[in-house]
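Residue-level listing of the chains:
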Amino acid sequence: MSSSAPQDTGHRLWSVDEHLADVLSAVRPLEPIELQLLDAQGCVLVEDVTVPVALPPFDNSSMDGYAVRTADVQGASEEFPAVLTVVGDVAAGSGELPTVGPGEAARIMTGAPLPPGAEAVVPVEWTDGGTGGGAAAGMTPASAAPEHAGGEVRVHRAAQARAHVRARGSDVQAGDLALAAGTVLGPPQIALLAAIGRGTVRVRPRPRVVVMSTGSELVQPGEALTAGTIYDSNSFALAAAARDAGAIAYRVGAVADDADTLRATIEDQLIRADLLVTTGGVSVGAYDVVKEALSSVGQFAEGADGEDVDGGRMDFRKLAMQPGKPQGFGTIGPDHTPLLALPGNPVSSYVSFELFVRPAIRALMGLPESEVRRPSVRAVLKADKALGSPAGRRQFLRGTYDAESGTVSPVGGSGSHLIAALAHADSLMVVPEDVTSVEPGTELEVILLG
């Protein structure tokens, strides 16, 4: 690596770390609420959940077969089967259970409680199924042949004590910790909560994130392009990224370059937003409408150092990074709703989301610090030539990471408009601020996006 001192631009440049710290300092986890299980999917648990009853709550069969006493099937074989009297059926959910005495068996289904007197379960494939013939392939349905709940069954193999029996409490015991506070509730966790009888659970709700693009040139996908227009991809990308981070995302159609319209749209969206994200209009152009809209009303006002003005704080700043140099951040409205204003170039927008918005969403969810940011690894650059990087900027380049070889390869160029390359990347290669050239074989930090 070759190095160069950061350049003095004459304006304050915020570092990536400073900006992220400022964002996270303004974000507080959402207040806990009680939710029904399915509504709690993707939410973070705020309480330890203990097991009220053992799981399973009783000894039960893991096979369809016959509940037997081990002494009665000892030495059984196909040539010399053990012949047992069938005393009834035991189905899952059975209440009254037949008692299995010497020389007896009960037909039993998977999940059914082990009846008194029985010590093991013999799979139906080890028997004649009560038909008097050879080995059975399965059981005849009870409704079609109720007589098979009686009569005799021939058992062709011996069974050890507790064979094919799920013991009471073999999954979890009463009083055990089922799930710890801080757990994200996915399908397996929802299943466990249901299995131990919890109908509701106390969680931090998924953050509601409103995403809007700005720009009069933007057209919605599916509509016809006219001269000078392009399709709006940013709002789709960021709404999808917000969902991926764990949020409930609301995408607002592209807002034209008019400050009054944007201001009214933002005010309308505050009612359903825990976090607002805009993209575009934060640079220094004559039509950078986000800066104009948020700097011209009291509750959204921009102070010289981002100070509070009438309950809001909005600051537009330049970061020592590429892509994504222009950024805006503040809190707006009566509830001090966080707003992150991202640049409009697609790659700049997405990289900014991953570095700043995703951590804000994860912090709102109440996740521990270790789960707020994307994981990163060290990997060796695999490339045909050295990669250049601007002095004084932390550069984030798209890459593909190979975990097996511990290498990372660049995808596409460094341009902030190259969205096709982004679609094929699974990581971001991080080039430090003081490095201007990265030779192949150099070890880099790699942020994993998958």
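Definitions and limits used
- The numbering scheme is per chain: residues are counted from 1 as the chain's sequence reads.
- This being a predicted model, a pLDDT of at least 70 is required before a residue's local features are given, and a value of 80 or more before pairs of side-chain atoms are given or counted; all residues contribute to the totals for chains, interfaces and linings.
- Excluding hydrogens and water, the side-chain figures rest on all heavy atoms present in the structure.
- A run of H or I in DSSP counts as a helix once it spans at least four residues, and a run of E counts as a strand once it spans at least two, with each numbered from the N terminus.
- Each residue's exposure class comes from its accessible area (1.4 Å probe, protein chains only) as a fraction of the maximum for that residue type: buried when under 20%, exposed when over 50%, partly exposed otherwise.
- Note on definitions: a residue-residue contact is assigned when non-hydrogen atoms from the two residues lie within 4.5 Å.
- For the purposes of this section, nonpolar cores are sets of buried Ala, Val, Leu, Ile, Met, Phe, Trp, Tyr and Cys residues that join through side-chain atoms within 4.5 Å.
- When a carboxyl oxygen of Asp or Glu lies within 4 Å of a side-chain nitrogen of Lys or Arg, that pair is called a salt bridge.
- In this scheme, strands are said to pair when DSSP sees at least two bridges between them.

Draft legend 1. Representation of the overall build of the chain in the model. Each helix and strand in the chain was counted, giving eight helices and 30 strands. Counting the 450 residues in the chain, one finds 48% classified as buried. Of the contacts formed within the chain by residues at least 6 apart in sequence, a portion of 71% connects residues at least 24 apart.

Draft legend 2. Spatial organisation of the nonpolar core. In terms of nonpolar packing, the biggest core is built from 42 residues, with Leu 275 and Ile 361 touching the most fellow members. Residue contributions to this core peak at twelve residues, all from helix 7 (residues 346–365). Counting 20 residues, the second-largest nonpolar core is a separate cluster that includes Met 212, Leu 262, Leu 270 and Ala 341.

Draft legend 3. Representation of the pattern of salt bridges in the model. One pass over the full model with this rule turns up 17 salt bridges. Notably, a salt bridge pairs Arg 12 with Glu 18, separated by 3.2 Å at the nearest N-O pair.

Draft legend 4. The sheet that holds strand 3 (residues 33–36), seen in detail. Taken in spatial order, the three strands line up as 3-14-4 in an open sheet, and their pairing is antiparallel. Each edge of the sheet is formed by a strand with only one pairing partner; in this case those strands are strand 3 and strand 4 (44–45). Relative to strand 14 (residues 200–204), strand 4 runs antiparallel, the two being bridged by two bridges. Residue pairing across strands places Val 44 opposite Arg 204, the latter belonging to strand 14.

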